[in-house]
Structures are given as structure tokens and as C-alpha cells.
Amino acid sequence: MNKPTTGDFTKTAGWLDWYDGPTQPRFQLPAGSVDAHCHVFGPGAEFPYAPERKYTPCDASKQQLFALRDHLGFARNVIVQATCHGADNRAMVDACLASGGRARGVATVKRSVTDEELQALHAAGVRGVRFNFVKRLVDFTPKDELMEIAARIGKLGWHVVIYFEAVDLPELWDFFTALPTTVVVDHMGRPDVSKHIDGPEFELFLKFMREHPNVWSKVSCPERLSVSGPKALNGEQAAYRDVVPFARRVVELFPDRVLWGTDWPHPNLKDHMPDDGLLVDFIPHIAPTAELQHKLLVANPMRLYWPEEN
Ligand SMILES: O=C(O)/C=C(\CC(=O)C(=O)O)C(=O)O
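Residues numbered from 1 in each chain as written. Predicted model: local features only at pLDDT ≥ 70, side-chain atom pairs only at ≥ 80, totals over all residues. Heavy atoms only, no water.

As named in an unreviewed UniProt entry, the chain is Amidohydrolase family protein, taken from Hydrogenophaga atypica.

Looking now at the overall build of the chain. Counting its regular elements, the chain contains 11 helices and eight strands. The C-alpha radius of gyration of the chain comes to 18 Å, within 12% of the 19 Å expected for a compact globule of 310 residues. Judged by the C-alpha coordinates and their principal axes, the chain covers about 45 × 45 × 40 Å. Looking at the chain as a whole, 58% of its 310 residues are labelled buried. Counting only carbon and sulfur atoms, one obtains 52% of the accessible surface of the chain, whose full area is about 12,500 Å². Distance from the positive charge centre (34 side chains) to the negative charge centre (40 side chains) of the chain: 1 Å. (Helix = DSSP H or I, 4+ residues; strand = E, 2+ residues; numbered from the N terminus. Rg over C-alpha atoms; globule rule 2.2 N^0.38 Å. Buried < 20%, exposed > 50% of the residue type's maximum accessible area, 1.4 Å probe, protein only. Areas by Shrake-Rupley, 256 points an atom, 1.4 Å probe, with all protein chains shown as cover. Lys, Arg positive; Asp, Glu negative; His and termini not counted. Charge placed at Lys NZ, Arg CZ, Asp CG, Glu CD.)

A separate point is the site of the ligand. Taken together, 16 residues are adjacent to the ligand, and His 39, Tyr 55, Thr 83, Tyr 163 and His 187 come closest. A distance of 2.5 Å separates an oxygen atom of the ligand from a polar atom in the side chain of Tyr 55. Between the ligand and His 187 there is a distance of 2.6 Å, counted from an oxygen atom to a side-chain nitrogen or oxygen. The protein chains hide 100% of the 340 Å² of surface that the ligand would expose on its own. (Near = heavy atom within 4 Å. Polar contact = N/O pair within 3.5 Å; in protein donor to acceptor, adjacent residues only side chain to side chain.)

The next subject is the UniProt feature "domain: Amidohydrolase-related" (unreviewed entry) in the chain. When the UniProt feature table is mapped to this numbering, "domain: Amidohydrolase-related" (unreviewed entry) covers residues 34-305. Taken end to end, residues 34-305 is 38% helix and 13% strand, and its first and last C-alpha atoms sit 10 Å apart. (UniProt positions renumbered as here; feature names shortened; annotations may be inferred.)

As summarised here, the arrangement of the eight strands in space is E1-E2-E3-E4-E5-E6-E7-E8, forming an open sheet in which the pairing is parallel. The sheet is open, and its two edges are formed by strand E1 (34-38) and strand E8 (258-259), each paired on a single side. Of the strand pairs in this sheet, strand E4 (residues 126-132) and strand E5 (residues 159-163) are connected by five bridges, and their pairing is parallel. If you follow Val 129 over to E5, its bridge partner there is Val 160. (Pairing = 2+ DSSP bridges.)

Below, the discussion takes up helix H3 (residues 115-124). Within the span of H3, buried status applies to Leu 118, Leu 121 and Ala 124. Seen from one end, H3 has its buried residues packed into an arc of 120°, which puts them on one side. For H3, exposure combined with an orientation more than 90 degrees from the buried face picks out Asp 115, Glu 116 and Ala 123. In this structure, the buried residues of H3 make contact with helix H2 (90-98), strand E3 (103-107), E4 and helix H4 (143-154). (Arc of directions from axis to C-beta. Contact = heavy atoms within 4.5 Å.)

What follows deals with the pairing of E1. The buried count for E1 comes to five of five residues, which makes it a mostly enclosed element. Where E1 lies against strand E2 (residues 76-80), three bridges are found, and the strand directions are parallel. Along E2, the bridge assignment pairs Cys 38 with Ile 79.

Here the structure, examined in full by the defined rule, presents 16 aromatic pairs. Summarising the aromatic geometry, the rings of Trp 15 and Tyr 55 are spaced 5.4 Å apart at their centres and angled 15° between planes, so their arrangement reads as stacked. You can see Trp 15 sitting in the segment before E1 and its partner Tyr 55 sitting in the loop between E1 and helix H1 (62-72), a full 40 residues away along the chain. Taken together, the ring pairs connect Phe 131, Phe 133, Phe 164, Trp 173, Phe 175, Phe 176 and Phe 208 into an aromatic cluster. The residue whose ring lies beneath Arg 76 is Trp 306, and the NZ or CZ to ring-centre distance is 4.8 Å. (Phe/Tyr/Trp six-rings, centres within 6.5 Å; stacked < 30°, edge-to-face > 60°. Lys NZ or Arg CZ within 6 Å of the ring centre and 35° of its normal.)

Scanning the entire structure with this criterion turns up 26 salt bridges. One salt bridge in this structure joins Arg 111 and Glu 148, with 2.9 Å as the shortest N-O distance. Residue Arg 111 is found in the loop between E3 and H3, and its partner Glu 148 is found in helix H4; the two are separated by 37 residues along the sequence. For Arg 111, a relative accessible area of 33% translates into the label partly exposed. The structure contains a network of salt bridges with shared partners spanning Arg 111, Asp 144, Glu 145 and Glu 148. (Salt bridge = Lys/Arg side-chain N within 4 Å of Asp/Glu carboxyl O.)

What follows concerns the state of the cysteines. Tallying each qualifying case throughout the model produces zero disulfides. Sulfur of Cys 38: no disulfide; nearest cysteine sulfur belongs to Cys 96 and is 9.1 Å away. Classification of Cys 38 as buried rests on a relative accessible area of 0%. With relative accessibility at 4%, the residue Cys 96 sits in the buried group. (Disulfide = S-S within 2.5 Å.)

It is worth spelling out unusual backbone geometry at this point. The residue after Gly 229, namely Pro 230, is reached through a cis peptide bond having omega -5°. Looking along the chain, the bond that leaves Trp 264 and enters Pro 265 is cis, with omega of -5°. As for its placement among the helices and strands, Pro 265 is situated in the loop between E8 and helix H9 (276-280). Positive phi, close to 65°, is recorded for Asp 263, a residue that is not glycine.

So, in C-alpha cells, the structure goes:
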């Protein structure tokens, strides 16, 4: 895959581009698998990055995303609006429209979004909005604004994707548990995997899922969560072992409410870029049976993003 230059934009210092030439996964994805968390970036020359962004990425186009999809053996993508595009959803919408029905989207919208704009996003394939609470990525948005947006998009049958770090869950609990829609948590709420899996922090996350049947989780991003590796590089077939027990527990406890995605092109990784083929080989470690794999990769994302096909 050739990486284009970033138009007039200069990448954030130390930015790592995605892994060039990922290996063919050994794990064969079930037919119809969905990569339920990935992004497109720009290209900046066509879809400029937002003035309020906290980082400037490398360009990562829809063609490059679709080439990765085909290489890894996925059938479909869910393209999640990244903060570097703010609430300008054009790059994500353009990718959904170009996918021939094989991509759905998760948008970022402001309170000022009109009903017509929401309808247009729906027609393009958007089925959710993302509320981001990771402080290094976004400025604060008042909760009453977010609640108002949630109520409006709920009427369209959309869901809310929430991104936060584990230490912030207690403070966000009341807001999250009041959301009226299906709620999808990015990357298991970013547990600190150096803490004990049975400790209070991860237990609070499991309680969140246990007590609220509208809450789903992406069991993605081991490359972001891992502390001790090993990294998904150089043919490593048992990467990110410290994350496995956490993700596996969520998959086994809530098999009908989990999703998986590559997170390509892996924004803001500072230390290494995973080989996406080896990331796919991580899946059977956290979903060890064919039944769990089918739910995680096919049945669950299809139910949430393509319910009309069920
Ligand atoms: O995309 C991800 O999964 C994670 C991100 C970036 C992000 O969310 C965004 O920019 O919107 C991160 O942790 O830096």
C-alpha cells in the first residue's frame, strides 16, 4: 500500500504510519465478518482535518481501507468518525457511500445538527454517534447537549458509541446509565491491564455491562492496551497476552454484545504499529470457539449495523 503525502497538513511529530504490507492472517475469519471499528483520515487535500483537532494523522483513504478489508478477509467495515475530523463527517460519509453498502458509519454531531442532516447521514449509512471523553482527544462537551443528541438519534434507531478511560467510569456512570439507546463502549473502556482482572476497576466495567443489557463492548485495541506485549510483529502468534484475559472475559460473559475491529490506521500509537494480519490472529485467543467467533464477527455487528438483513 502506498501512503500519499498529507496535502498541506504536517503530521504530528512522532506520528507512526500504519504497518505496510500486513501478513495474511492464519486465522480464517468466518464468512461475512465485519471490521466494526476502523477509520478513514482525509485525504487531507480532499477532506481537510478539523481546526480544533488534537493531532494531525497520516492520510488513510477509503481505497486503502477497502484494500485492507479484502486482504484480511473481512466482508464489511464500520467506519468510526475520528476526532481529527471533528464534527465534519464528509470523509467517513464519502467512504460509506463508496463502499457499495459494505460500510456503515458512526458520526460525530453537534447539538446544532438539523433533522435533514441527520436524515442525510442515515441515508449514507450512519447508524450511531460517538461521544468521546478521552481528554487528550477532545474538548469538553456539556452532558445536557449530549443527552439531547442521544434522544434525537435514538428516534432514528441509532446507538451511542462512548470512548473513555477506565479511571473515569465512576464519574461518567450516571450519564452513561441514563442514555436511552444501545450504548457501545470502545475498547472495553480502556482497562489498565497491569491491574488485577478481578480488581475493582475492571469489575466496575463488568457491572456496567451486567446491570445494563443495552451496553455492548468492542473487545478491540489490544495494541493500545497492552503493557507487556509481545507486540503483533515478526510473526508473533500470541501477541498482547496481558490483554487476552480481559477481552476473553467480556466475550465469554456477554457473547451477544461484543464487537471487534482492527482500529486501522491505529491513530496515536506511539511505540509500534501492529501487523494487522497478526492482529486478526489475536481473535481466537479471546473468542476461542467457532460459535463465539461467529457472534463476535458476524451475528452481533450485523444485528447492530445491518438489522434489515437479519
Ligand atoms: O480511534 C481509536 O480507537 C482511538 C484513538 C483515536 C480516536 O479515537 C479519535 O481520534 O477519534 C486514540 O485512542 O487515540
